[in-house]
Amino acid sequence: NVPVFTSHNMIYVANNWPNNTVSVINGQTNSVATTISVEFNPMAIGVNETTAMIYVINAGSETVSVINGQTNTVVHTIPIGIEPEAVAIGVDPTTNMIYITNGVNAISVINGQTNTVVQNISVGYGPYAIGVDPTTDMIYVANQFDGTVSVINGQTNTVVQTIPIGSYNLPSAIGVNPQTDMIYVSNNWDNTISVINGQTNTIAATISVNQPSAIGVNTTTDMIYVINGGSNNVSVINGQTNSVVVIRV
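Residues numbered from 1 in each chain as written. Predicted model: local features only at pLDDT ≥ 70, side-chain atom pairs only at ≥ 80, totals over all residues. Heavy atoms only, no water.

Chemist: Looking at this model, I keep getting lost on the pairing of strand β20 (residues 202-208). Mind explaining?
Modeler: Two faces make up the sheet, and in a regular strand the side chains alternate between them. Pairing analysis gives 6 bridges linking strand β19 (residues 192-197) to β20, with the strands arranged antiparallel. Each residue of the ladder has a partner; that of S194, found in β20, is T206. Linkage of β19 to β20, two consecutive antiparallel strands, is achieved through a turn of 4 residues, within which N201 is found at a positive phi near 55 degrees. (Pairing = 2+ DSSP bridges. Helix = DSSP H or I, 4+ residues; strand = E, 2+ residues; numbered from the N terminus.)

Shown next, in the form of structure tokens:
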């Protein structure tokens, strides 16, 4: 993932082993502003725009490095200790909680104020992707190997619902539009996007695409961008009509 610290126009890129660094790109000049050393094998990054803190999962050392986005220095290192999968990290700016997938079918919750793991939430089999809706304070976890999405209430840090997507669909990415309260889940094996209505936590639509992997949501235009693996294409979904335009890249 390539998260953006929007208010500072900075982009953070994890350089995994053997570099073990994070490159900070200045979005105005498109040049590397600085390089930050972290721990072993950084893989995923999340940004809290409210607190200006950046969180880096270090898979090899089972830790999270906390970077101050004002100074671009590591200010804390948080031990996770239960196999962070380094696939997904979600930041809830409303509660200042950080959610990390790990290898024991659970989500580790970090309190951003104390920089400690405060809870581990059991979810489905093989949690792989996380999406956060800061408006409703709901967290969505794609469980890759049992074809479900776990819905976590960010106020209580409990699973309030499990949404079946399909046992063989291999859900692998999640995009959230907090403006419309719609959640988009890529199903890599059956070539679809499941659209979840966040108010009812039910599947509102299923959209055919080709080998969907990563998802990006433009909340201003209500357009959803899906990388089509192996085809050099991007599917663009109109969030109002759920219609698809394919762009070759």
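Chemist: Is there a simple way to think about the side chain of N201 in this case?
Modeler: In this fold, N201 is placed in the loop between β19 and β20. One polar contact links N201 to Q161, side chain to side chain, over a distance of 3.4 Å. If sequence neighbours within four positions are ignored, N201 has contacts with Y140, V151, Q161, I163 and I196. (Polar contact = N/O pair within 3.5 Å; in protein donor to acceptor, adjacent residues only side chain to side chain. Contact = heavy atoms within 4.5 Å.)

Chemist: What's the story with the sheet that holds strand β5 (residues 42-48) in this structure? I'm lost.
Modeler: Adjacent strands of a sheet form backbone hydrogen bonds with each other and so pair up, either parallel or antiparallel. Strand order in this open sheet of 4 strands is β5-β6-β7-β8, and the pairing throughout is antiparallel. Strands with a single pairing partner mark the edges of an open sheet, and in this sheet they are β5 and β8 (73-79). The sheet shows a mean angle of 25 degrees between the axes of neighbouring strands, direction not considered. (Axes fitted to C-alpha atoms, helices over the stretch in contact; angles between N-to-C directions.)

Chemist: Can you walk me through the sheet that holds strand β17 (residues 171-177) in this structure?
Modeler: Taking strand neighbours across the sheet as the criterion, the 4 strands line up as β17-β18-β19-β20 in an open arrangement whose pairing is antiparallel. Lying at the two open borders of the sheet, with one neighbouring strand each, are β17 and β20. Each adjacent strand pair in this sheet contributes to an overall mean axis angle of 25 degrees, direction not counted. Summarising the sheet, strand β18 (residues 182-187) and β19 pair through 6 bridges and their orientation is antiparallel. Bridge assignment links N187 to a residue of β19, and that residue is T192.

Chemist: Looking at this model, I keep getting lost on the packing of aromatic side chains. Mind explaining?
Modeler: Think of a pair of aromatic rings as described by two things: how far the centres are apart, and how the planes are tilted against each other in angle. Taken as a whole and judged by the stated rule, the model has 1 aromatic pair. Where Y125 meets F145, the ring centres are 5.5 Å apart and the plane angle is 55 degrees; that geometry is what we call tilted. You can see Y125 sitting in the loop between β12 (116-122) and β13 (127-133) and its partner F145 sitting in the loop between β14 (138-143) and β15 (148-153), a full 20 residues away along the chain. Residue class for F145 comes out partly exposed when judged on its relative accessible area of 47%. (Phe/Tyr/Trp six-rings, centres within 6.5 Å; stacked < 30°, edge-to-face > 60°. Buried < 20%, exposed > 50% of the residue type's maximum accessible area, 1.4 Å probe, protein only.)

Chemist: What is the right way to read the environment of N242 from this model?
Modeler: With respect to the secondary-structure elements, N242 resides in the loop between β23 (233-238) and β24 (243-248). For N242, a relative accessible area of 26% corresponds to the partly exposed category. Taking C-alpha positions, N242 is 13 Å from V226, a pair spaced 16 residues apart along the chain.

Chemist: Looking at this model, I keep getting lost on the pairing of strand β21 (residues 212-218). Mind explaining?
Modeler: Sheet analysis places β21 next to strand β22 (residues 223-228), joined by 5 bridges and oriented antiparallel. In the sheet register, V217 faces β22, and the bridge partner there is I224. Between β21 and β22, which pair antiparallel one after the other, the connecting turn spans 4 residues, and D222 there sits at a positive phi close to 60 degrees.

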